[in-house]
Amino acid sequence: MTMVQRRDFLKAAGLAAVAAVASNTVGAQAKQPASKPSVLKPKRLKRGDTVAIVAPSGVTWEKFTLQLSIESLAVLGLKAKVFPHAMDRHGYLAGTDADRAADLMAAFKDPDVDGIFCLRGGWGAARLLPMLDYDIIRANPKVLIGYSDITALHTAFAAKVGMVSYLGPNAGSSWYEFEAEMMTKLLVDGKKLEYRTEPKNDGTLVARKNRSQTIVSGTAEGWLAGGNLTVFVSLMGSPYFPTLDGAILCIEDIGEKIYRVDRMITQLALGGCLKGLKGIVLGGFTDCGPDESEPYGGFTLGEVFEQHFGGLGIPVWSGAQFGHIRDNATLPLGARARIDGGNRTLTLLESAVA
């Protein structure tokens, strides 16, 4: 081998090695500079579109829940296509992992399906992540909406696809007027929404419901990430967890003791996930109270938030209207937004759909 041949061989081998490393990099799409968040956007929905109902997570016991879901989507102007395993049962899961993954992939590949609504949360979506074809999903971007356990899909899509997905009501949710209106403005009209919590007064001198609080003032811009805290944290260390540099972290939870919320946020901190954040928005932490076995000397949830987030030097506010609450607004994870901690707002800087 001549010197020139050897040089060309080493050059080619080096490029191959670089390509191999790049192809195996965890969340390569998510590791873009903060100014370049996930930019793959599904096309907006329009009235008359066909949307899939799939069940990537927990079993739905009552067939009537499916009927109500179909009727709710019809009121929204959407035609439901129920995929074969939506009402299956495999223990506490909506069918086997293989069947649930097959339904989800079939929905992405189906040319007649314009969007995908997850029937419910529960548990099980994370079990599907190694079984999904992310190249097919990337080639067929579609609206995927759901919350709670569906956080696993949103998080994986951020890491592996770089596609905007939508943290919002499940197909089986009650779909109150506020939820329907917010979803329509975001996914049908393509509005750049401003999220703020409007207090509600039930006859008291001062409004006590729907209150938001500033933890740290200031403004910043970033891309939206997060979802259910328990599910989100459970993916740390896996190939399905994105780099959070430049993100505005939006988290919520339900039914967790305060010390557990503390523990999960501590895990995020120990993993270095809080360092590159631009802001934090805290949604509903429903039924997250103190451990009854420790009635004295505990922390309030607000104190835990202040301890972890108060010294980060980024805007933080709590009481946003998303999560396991009655009026659950749809958030476009991956889209760019501006947070204002003092005024307690989150404003989209771009349409969340193509």
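Quick caveat: nothing in here was measured; it's all calculated off a predicted structure. Numbers given for residues are sequential positions, taken from 1 along each chain in its written order. This being a predicted model, a pLDDT of at least 70 is required before a residue's local features are given, and a value of 80 or more before pairs of side-chain atoms are given or counted; all residues contribute to the totals for chains, interfaces and linings. Side-chain metrics in this entry use all non-hydrogen atoms of the structure; hydrogen atoms and water are not considered.

1. Observations regarding the overall build of the protein
Secondary structure counts use DSSP, requiring at least four H or I residues in a row for a helix and at least two E residues in a row for a strand, with both numbered from the N terminus. Of the regular secondary structure elements, the protein holds 9 helices and 14 strands. Each residue's exposure class comes from its accessible area (1.4 Å probe, protein chains only) as a fraction of the maximum for that residue type: buried when under 20%, exposed when over 50%, partly exposed otherwise. Taking all 354 residues of the protein together, 51% fall into the buried category. Throughout, a contact is declared for two residues whenever any of their heavy atoms are within 4.5 Å. Long-range pairs, those at least 24 residues apart, make up 80% of the contacts in the protein between residues at least 6 apart in sequence. For every accessible area listed, the method is Shrake-Rupley and the probe measures 1.4 Å; residues are considered covered only by the protein chains on display. On the protein, roughly 16100 Å² of surface is accessible, and the fraction owed to carbon and sulfur atoms is 53%.

2. Remarks on the pairing of strand β3 (residues 115-118)
Residues Gly115 and Phe117 point to one face of β3 and Ile116 and Cys118 to the other, with burial holding for every one of them. A pair of strands is treated as paired once DSSP finds two or more bridges between them. Where strand β1 (residues 50-54) meets β3, 4 bridges bridge the pair, whose relative direction is parallel. When the sheet's bridge partners are listed, Ile53 is paired in β3 with Phe117. Call a crossover right-handed when, viewed with both strands pointing away from you, the route from the first strand across the helix to the second goes clockwise. Once the chain exits β3 it traverses helix α4 (residues 134-139) before rejoining the sheet at strand β4 (residues 143-146), and the crossover so formed is right-handed.

3. Examining empty space enclosed by the protein
Take a probe with the size of a water molecule and roll it over the atoms, and the empty space left behind shows itself. Throughout, the protein atoms alone are placed on a 1 Å grid, and a set of points is a cavity if a 1.4 Å probe fits but cannot get out or a pocket if it is open with protein on both sides within 12 Å along at least five of seven lines; lining residues have an atom within 4 Å of a point. Grid points are joined across faces, edges and corners, and a volume is the space filled by probe spheres set on the points. Tallied over the full model, the rule gives 2 cavities of 30 Å³ or more. Considered as a void within the structure, the largest cavity measures approximately 80 Å³ in volume. Looking at the largest cavity, it is lined by 15 residues, and the ones nearest its centre are His154, Ala158, Ala225, Gly226 and Leu333. Contributing elements (two or more residues each) for the lining of the largest cavity: α5 (151-160) and β8 (219-228). Per element, the largest residue contribution to the lining of the largest cavity is 4 residues, and it comes from β8. Among the residues making up the lining of the largest cavity, the classes are represented as 9 nonpolar, 6 polar and no charged. Under the scheme applied, nonpolar residues are Ala, Val, Leu, Ile, Met, Phe, Trp, Tyr, Cys and Pro; charged residues are Asp, Glu, Lys and Arg; polar residues are all the others, including Gly.

4. Notes on the sheet that holds strand β11 (residues 316-318)
In spatial order, the strands read β6-β14-β13-β8-β9-β10-β11-β7; together these 8 strands make up an open sheet with mixed pairing. A strand with exactly one partner marks an edge of an open sheet, and here the two such strands are β6 (194-195) and β7 (213-216).

5. Re the sheet that holds β3
In spatial order, the strands read β2-β1-β3-β4-β5-β12; together these 6 strands make up an open sheet with mixed pairing. Each edge of the open sheet is held by one strand with a lone partner, namely β2 (79-82) and β12 (331-333). Each strand of the sheet is rotated relative to its neighbour by a mean of 30°, with strand direction disregarded. The sheet contact formed by strand β5 (residues 165-167) and β12 spans 3 bridges and is antiparallel. Lines fitted to the C-alpha atoms define the axes, with helices restricted to the stretch that makes contact. Angles between their N-to-C directions range from 0 to 180 degrees.

6. Things to note about helix α8 (residues 258-270)
An ideal rise of 1.5 Å per residue puts 18 Å on 13 residues; α8 measures up with 18 Å between its terminal C-alpha atoms. Buried residues along α8 sit against α7 (229-234), β9 (247-254), β10 (279-286) and α9 (301-309). Positive backbone phi, at 75°, marks Gly272, one or two positions downstream of α8. Multiplying 1.5 Å by the helix residue count minus one yields the expected span of that helix.

7. A short note on the packing of aromatic side chains
The relative placement of two aromatic rings is captured by the distance of their centres and the angle of their planes. To pair, rings of Phe, Tyr and Trp, with the six-membered ring standing in for Trp, must have centres within 6.5 Å; the planes then decide the type, stacked if under 30 degrees apart, edge-to-face if over 60, and tilted in the middle. Summed over all chains, the structure comprises 6 aromatic pairs. For the ring pair Phe232 and Phe241, a centre distance of 4.9 Å and an interplane angle of 50° mean the geometry is tilted. Pair check on accessibility: Phe232 and Phe241 agree, each one buried. Between Phe305 and Phe309, the aromatic rings sit 6.1 Å apart at their centres with planes inclined by 15°, giving stacked as the arrangement. Residue Phe305 and its partner Phe309 are both found in helix α9; the two are separated by 4 residues, about one turn of the helix. Owing to a relative accessible area of 1%, Phe309 belongs among the buried residues under this scheme. By the ring-pair criterion, three or more aromatic residues cluster together here, those being Phe285, Phe305 and Phe309.

8. Comments concerning the side chain of His308
Residue position: His308 is located in helix α9. Classification of His308 by relative accessible area gives buried; the value is 18%. At 2.7 Å, the side chain of His308 and the side chain of Asp262 are in polar contact. In this structure His308 touches Asp262, Ile265 and Thr266, once residues within four positions along its chain are discounted. Within 3.5 Å is the distance limit for a polar contact, defined as a pair of N or O atoms, with the added protein rule that one can donate a hydrogen and the other accept it, and that residues adjacent in sequence qualify only through two side-chain atoms.

9. Structural notes on the environment of Ile215
Considering the arrangement of structural elements, one finds Ile215 in strand β7. Distance in space between the C-alpha atoms of Ile215 and Glu303 is 9.9 Å, their sequence separation being 88 residues. Apart from residues lying up to four places away in sequence, Ile215 is in contact with Leu282, Phe305, Glu306, Val316, Trp317 and Ser318.

This is a description of form; function is not addressed.
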